[in-house]
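Secondary and tertiary structure notes
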Amino acid sequence: MIACLLVTSSLMISTVQGVANGLPLPVPQLKDAHGNTTPKTIDVFWTDAPSIIGKLESVIYEIEVYNPGQKEAVHRASVEKRPNLTVTHDWHWTSPLPLECLSHSVRLRVRHKNNVSDWTDRRNVSGSGSDHSKLALYPVDDVGLAGSKKKFCCVVPEGKTVPNFTYKDVQSMNYTHVSQTYIFEVALEQSDTGGEHVSCKEKDGANTAMVFVGYSPEVHNFTCETRNLRHLECSWTQGRDENLKGPIRGTKYTLNERSCGTDRSLHKCSIEISPNQGEVAWTLTAENKINKTSFTYTADPRHRVYLESPQRLQASEINSRNASLQWEQWPDANLVALPMRCQAKKNSEREVREDDTGVGLISMTLRELHPYTTYSVQVRCASNEHFWKWGDWSKEITFETKEDIPQAVDVWMTVDSNNRSLVVWKKLVPEQSHGKFMKYELSWNGSVPLRLEPTYHCYSMSTDRVKRITITAMNSVGYSQPSTIISPSQARDVETTRVNGGNGGVELAWAPVPGASCGYVVDWYPVGSQDKCDIQWIKIPAGRTNTTINSGLKNGVIYTFSLYACTTHAPELLKRWEGYRRELAPDQKLNFQVQQEGMDVVLTWDEIPLEHRRGFIQNYTINYSTSSYNNMGQQKIFLGSKERMKRFSNLRAETYNFQMSAFTSAGEGPPRVIQFTPMPQTHQTIIRSIISLGFVFIIAVVFSILCYRKRTWLKEMLYPDIPGPQLDYPTSKEIRDFQLLAIPAENVDNFLTCELDAEDGVISAPATPVTDSDCLPNYIFPDHNIGSSSLSSPNLVLDNPTYNLLVAFPVSPCATPVTTMAATGGYSPQGSPAFCPLPPCSESYQALEDAC
């Protein structure tokens, strides 16, 4: 016995010394290696060599996995273990291939620093590999992550050719060949149908399987709350659809490792809790065939109270202004002692009013209600200890408050253009009449009240009669408080300015007035309205100098806004505005005319009626062009809003299209088009010529008539009657008194004998001409008014007393034939020289006297 102990101790000492000196470590004992087709794992079990137990604190085991016929390991792993004689170590590995595709074997060894043991013998993994006598496809009906790559294998009988592998009807030619197994790798794509077929075919047969492609489970908005402090209800929303359906492949949920039931679509899970357990962590696990995820929520249940709706709600103690609400006591004892606050919602209004608080609250009071009004009410409650959220609304109930006296009437007064006072007031709506409304009573200056039906809201009367107006409203309960207004002072001239509105209304602003002790009043009405009662107003408190008007305003309608100062006496008009809430484009065509004035074309137009302008007219636009556009494109002219006429000069005799429209700030109104052809200029010239000739003809006719009627006077003024010619010849004695002038014979021609008839005043010539031989000494009778010395020519000058003209008788040779008046039988014009042929020069003066 002692010898055995000595041998054993010596062996142990030698082993420890061997380990310390770097000698090989003892080989571990491989106990088992088996495979699990689901989920494709290989489990390896071994124990430590007894010789290292207690000698080394930790060692590393190296493990290798092989496929048949391969010298290189398909997988290597290292795990650290603490040696223990009573412990069986284990290691697990998930194969990328189904274990049925190939058989596997494993081996291991132990390492400590630089010391390493020998490898164990390879041990075949039970459960791996398959029967190679027939065609097989693996895996069968498996699940994969969308977007990942997955391996499939086709196992064919020995001696068979390469099989055909298809996924989603697409054949794959990329494969790895190990013995009788062909490995294919494909990229998985999500399918709308949930599963896709994979197939493996060879000459003698085929095998088909399904693959389901999906995603890992996703959870959002994971929260937990309690309704009664006894059960905790957790809820969440599902993220992306995993695309995996059914009880096997679908996602399974557990809360704190407790199953959440079979209906996974509810996304809710409930567990029992203690009301005073304090802060607790709740873990939700979502798991499917692809992955498993966990989410944790931590809170105190008393901080997560979400109350149920109050039950059997009813109204009691109803009067005109208040009402009480009551509901059934809370069903759980834990809630009876919970501090609460409750609120009510009336008539489905958006805003709710917090009302009463208390422990285990079962009633509340509604205040500030309107008389004679029907209310629909709902109630909800929440924890007032640690507010989390409001509970559910109760069922709606309906009740009606009692009647009360009417509200005071809002009254106003204006003076129209006919100097009549118009009293207007706002009709009382049901919330203001407070009961069954009956009538209005209107009085002025202390007169007997005038009773008016509820449909009335204005009354017109003479301004001279009105000083103070009082109006009251009456219902079945009684009269309202009287409303009084003093007649405003006569409107003075104030400047009206334009104001531009917008979508929010018309904004008005003014300077403060010291005398406005009770504020201001702004009234407005549509310009041109036929309804004299169509007037509205608002009252503005003192100290405020701006407002926005948007009540009752229509787009495209012009309004007059008047500002009054509210004083201790009559309201005083301060300012006026005119404007639109929002301008629109005109809706009526412009009425314009085209006419020709001489050589010009003139366009004239009227204003658009006020109700059709729908905005302030900013300008007018005229587009004109010829109908053919041959020589002129379209011309555009902009005119101001005050213009009413446009003249066009020097237009050709063509047909023109005149298009005209009006503009406001909102845009252009409908255009109106007129065609016009100016008359040619030749026509104008002809017309002007005809008019001028006609004018001259009229003047000539009038002148002729006047001349005809004044012909005697005109004759006397312009051409009087001319008397017949008469010659007064000198007597014999006067002739003798004349100085005879001797004319040299060589300068005197023969003269015809002149026979003077004193009575007839006619000069006659002798019957026979006088020859040169018969010439007498020649003499001439000078003018008795002219001296002999002044005579410069041999002429006979006789005095014609009738005309006071000089008659000269030129001297010509006697041989010159002379045509006498007797011979011509005519009259010689006055002023022509008369030739008097003289007797022969040999005759005496007596002969000359006798002859003459």
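Note that the coordinates shown come from a computational prediction; the quantities given were computed from them, not determined experimentally.

1. Re the sheet that holds strand β15 (residues 181-187)
The strand order β9-β11-β15-β14 describes an open sheet built from 4 strands, whose pairing is antiparallel. Each edge of the open sheet is held by one strand with a lone partner, namely β9 (136-138) and β14 (175-178). Strand after strand, the sheet turns through a mean of 20° between neighbouring axes, direction not considered. As paired elements, strand β11 (residues 149-155) and β15 share 7 bridges and run antiparallel to each other. Residue Val155 lies in a different strand from β15, and its bridge partner there is Thr181.

2. What about the confidence of the model for the protein chain?
Atomic detail in the predicted coordinates should be set aside for any region of low pLDDT. Across the protein chain, the average pLDDT comes to 79, with 79% of residues at 70 or higher. Across the protein chain, the secondary-structure element scoring lowest on mean pLDDT is helix α9 (residues 821-824), at 38, and the one scoring highest is strand β31 (residues 397-400), at 94. Low pLDDT (under 50) marks residues 1-18, which in the prediction has 4 contacts with non-local residues, meaning those over four places away or in another chain. In the model, residues 748-845 has pLDDT below 50 throughout and makes 172 contacts with residues more than four positions away in sequence or in other chains.

3. Section: the pattern of salt bridges
For the structure on display, the rule yields 24 salt bridges. When the shortest N-O distance is used, the salt bridge between Arg76 and Glu64 registers 2.9 Å. Of this pair, Arg76 sits in strand β4 (residues 75-81) while Glu64 sits in strand β3 (residues 59-66); the two residues are 12 residues apart in sequence, bridging distant segments of the chain. Overall, the relative accessible area of 7% leaves Glu64 in the buried class. Between Lys168 and Glu189 there is a salt bridge, and its shortest N-O distance comes to 3.3 Å. Here Lys168 is found in the loop between β12 (164-167) and β13 (170-172), whereas its partner Glu189 is found in the loop between β15 and β16 (195-202), with 21 residues between them in sequence.

4. Here we look at the environment of Thr283
By secondary structure assignment, the location of Thr283 is in strand β23 (residues 280-287). For the pair Thr283 and Cys234, spaced 49 residues apart in sequence, the C-alpha separation works out to 9.9 Å. Look past the residues within four positions of Thr283 in its chain and what remains in contact with it is Thr254, Leu255, Asn256, Ser294, Phe295 and Thr296. A distance of 3.3 Å separates the side chain of Thr283 from the side chain of Thr296, its partner in a polar contact.

5. Some words on the state of the cysteines
For the structure on display, the rule yields 7 disulfides. Note on cysteine connectivity: Cys224 is disulfide-linked to Cys234, with sulfurs 1.9 Å apart. Between Cys224 and Cys234 the sulfur-sulfur dihedral comes to about 105°; the bridge is accordingly right-handed. Note that Cys224 is positioned in strand β18 (residues 219-226) and Cys234 in strand β19 (residues 231-238), a separation of 10 residues in sequence. Classification of Cys224 as buried rests on a relative accessible area of 0%. Cys234 sits in the buried class, given a relative accessible area of 0%. A sulfur-sulfur distance of 2.2 Å marks the disulfide that ties Cys260 to Cys269. Negative torsions about the S-S bond denote left-handed disulfides, and the value of about -95° found for Cys260 with Cys269 makes this one left-handed. With respect to burial, Cys260 and Cys269 carry one shared label: buried.

6. Here we look at the nonpolar core
Of all hydrophobic cores here, the largest spans 26 residues; its most connected members are Val423, Trp425, Tyr440, Leu442 and Ile469. Listed by contribution, the elements that provide at least two residues to this core are β32 (411-415), β33 (420-425), β34 (437-444), β36 (458-462) and β37 (468-475). Broken down by element, this core gets its largest block of residues, 4 residues, from β33. The residues touching Val423, leaving out its near neighbours within four places in the chain, are Val411, Trp412, Met413, Leu442, His457, Cys458, Tyr459, Met461 and Ile469. Judged by nonpolar contacts, the second largest core, of 23 residues, contains Leu307, Trp327, Leu338 and Tyr375.

How each quantity is defined
Residues numbered from 1 in each chain as written. Predicted model: local features only at pLDDT ≥ 70, side-chain atom pairs only at ≥ 80, totals over all residues. Heavy atoms only, no water. Pairing = 2+ DSSP bridges. Helix = DSSP H or I, 4+ residues; strand = E, 2+ residues; numbered from the N terminus. Axes fitted to C-alpha atoms, helices over the stretch in contact; angles between N-to-C directions. pLDDT = per-residue confidence, 0-100. Contact = heavy atoms within 4.5 Å. Salt bridge = Lys/Arg side-chain N within 4 Å of Asp/Glu carboxyl O. Buried < 20%, exposed > 50% of the residue type's maximum accessible area, 1.4 Å probe, protein only. Polar contact = N/O pair within 3.5 Å; in protein donor to acceptor, adjacent residues only side chain to side chain. Disulfide = S-S within 2.5 Å. Core = buried A, V, L, I, M, F, W, Y, C linked by side-chain atoms within 4.5 Å.

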